[in-house]
Amino acid sequence: MNTRNITQKFIRRGTLLALLMGCLAFFGTTALTAQDKKGKGDKKEKINELRKKYFNEKLALSDAEQKAFWPLYDEYKQKEKALRDSFKSKYKPNDVIFMDDKKAEEFLNATIKLNDDQNSLFKEYILKFKKVLPVKKVAMLPMVEREFKKEILSKAGEHKKPGGPGPGGPGGPGHEGPGPDDE
């Protein structure tokens, strides 16, 4: 074999290798994206399960109350999300930084409308909740929602911070001595 044939063979192999690597990269990222979307769905389900458990406990919901309350609450949350999604589809995070005065005025009016719509929805569902729960439990709902959100966010923050739960973190394997909150 002469040098020219060897060079052409390597070029063809290189082209084939590059093509193969490109395909692997494309299909690999597609698979990762699909897994990421599935992971988000799993996280949402897990959070919903934790929410139900937390609310059932904090509000001391009976089985009958749970059966009546959860379909209503889920419906309420879907409608609330639809309001937020509609707003977010028109205004992206940090858009206001680049807005002229006219657009900023539209943004403020849309924000006020979103808040008004959310308050109207809240009032509507308070009346529905009062039909299936004692008024005291309905009055506790906003507080329980805030507490749950705070707890979920603090747990999420613990898992993202270095030194959070897990190997080497406070209380985790490989950790020695008191943690930052230990006295």
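Reading the values: the criteria
- Residues numbered from 1 in each chain as written.
- Predicted model: local features only at pLDDT ≥ 70, side-chain atom pairs only at ≥ 80, totals over all residues.
- Heavy atoms only, no water.
- pLDDT = per-residue confidence, 0-100.
- Contact = heavy atoms within 4.5 Å.
- Helix = DSSP H or I, 4+ residues; strand = E, 2+ residues; numbered from the N terminus.
- Expected span 1.5 Å × (residues − 1).
- Bend = angle between axes of the 7 residues up to and from the residue.
- Buried < 20%, exposed > 50% of the residue type's maximum accessible area, 1.4 Å probe, protein only.
- 1 Å grid on protein atoms, 1.4 Å probe; cavity = no way out; pocket = protein on both sides within 12 Å on 5 of 7 lines; lining within 4 Å.
- Points joined across faces, edges and corners; volume = space filled by probe spheres on them.
- Nonpolar A, V, L, I, M, F, W, Y, C, P; charged D, E, K, R; others polar.
- Core = buried A, V, L, I, M, F, W, Y, C linked by side-chain atoms within 4.5 Å.
- Polar contact = N/O pair within 3.5 Å; in protein donor to acceptor, adjacent residues only side chain to side chain.
- Phe/Tyr/Trp six-rings, centres within 6.5 Å; stacked < 30°, edge-to-face > 60°.
- Lys NZ or Arg CZ within 6 Å of the ring centre and 35° of its normal.

## Regarding the confidence of the model for the protein chain
A residue-level look at the protein chain finds 64% of positions with pLDDT of 70 or above and a mean pLDDT of 78. Segment residues 15–36: pLDDT under 50, and 0 contacts once partners within four positions in sequence are set aside and those in other chains are kept. Every residue in residues 166–183 scores below 50 in pLDDT, and together they form 15 contacts with partners more than four places removed in sequence or on other chains.

## Topic: helix α2 (residues 63–90)
The end-to-end C-alpha distance of α2, which contains 28 residues, comes to 41 Å, matching closely the 40 Å that a straight helix rising 1.5 Å per residue would cover. In α2, a bend of some 30 degrees at Phe69 exceeds every other bend along the element, and Pro71, a proline, comes one to four places later. Looking at α2, one finds that the buried residues are Glu65, Phe69, Trp70, Leu72, Tyr73, Tyr76, Glu80 and Phe87.

## Quick notes on the layout of surface pockets
In this model, the largest pocket occupies a volume close to 1,300 Å³. Ile47, Asn48, Arg51, Phe148 and Ile152 are the residues nearest the centre of the largest pocket, which is lined by 30 residues in total. A total of 11 residues in the lining of the largest pocket trace back to one element, the largest contributor, which is helix α4 (residues 135–160). Looking at the lining of the largest pocket, its residues break down into 10 nonpolar, 3 polar and 17 charged.

## Focus on the nonpolar core
Among the nonpolar cores identified, the biggest contains 19 residues, and Phe55, Phe69, Tyr73, Phe129 and Leu141 are the most heavily contacted of them. Where this core is concerned, the elements lending two or more residues are α1 (3–58), α2, α3 (101–132) and α4. The contacts of Phe69, once residues within four sequence positions are left out, are Phe55, Leu61, Phe129, Val132, Leu133 and Leu141.

## Re the side chain of Asn56
Residue position: Asn56 is located in helix α1. Within the structure, Asn56 has its side chain in polar contact with the side chain of Gln66 (distance 3.2 Å). Setting aside residues up to four positions removed in sequence, Asn56 forms contacts with Leu61, Gln66 and Trp70.

## A short note on α3
With 32 residues, α3 should reach 46 Å at 1.5 Å per residue; the first-to-last C-alpha distance of 47 Å fits that figure. Of the residues making up α3, those classed as buried are Ala110, Leu114, Gln118, Leu121, Tyr125, Ile126 and Phe129. Regarding α3, its N-cap is Asp100, as a side-chain oxygen of that residue lies 3.2 Å from the backbone nitrogen of Lys102 further along.

## A few points about the packing of aromatic side chains
Aromatic ring pairs are described here by two measures, namely the spacing of the ring centres and the angle between the planes. Per the stated rule, a full pass over the model turns up 16 aromatic pairs. Taking the centre distance of 5.8 Å and the plane angle of 50 degrees together, the rings of Phe87 and Phe107 count as tilted. Of this pair, Phe87 sits in helix α2 while Phe107 is found in helix α3, placing the two residues 20 residues apart along the sequence. If you follow Lys128 out to its NZ or CZ, it ends over the ring of Tyr125, 4.4 Å from the centre.

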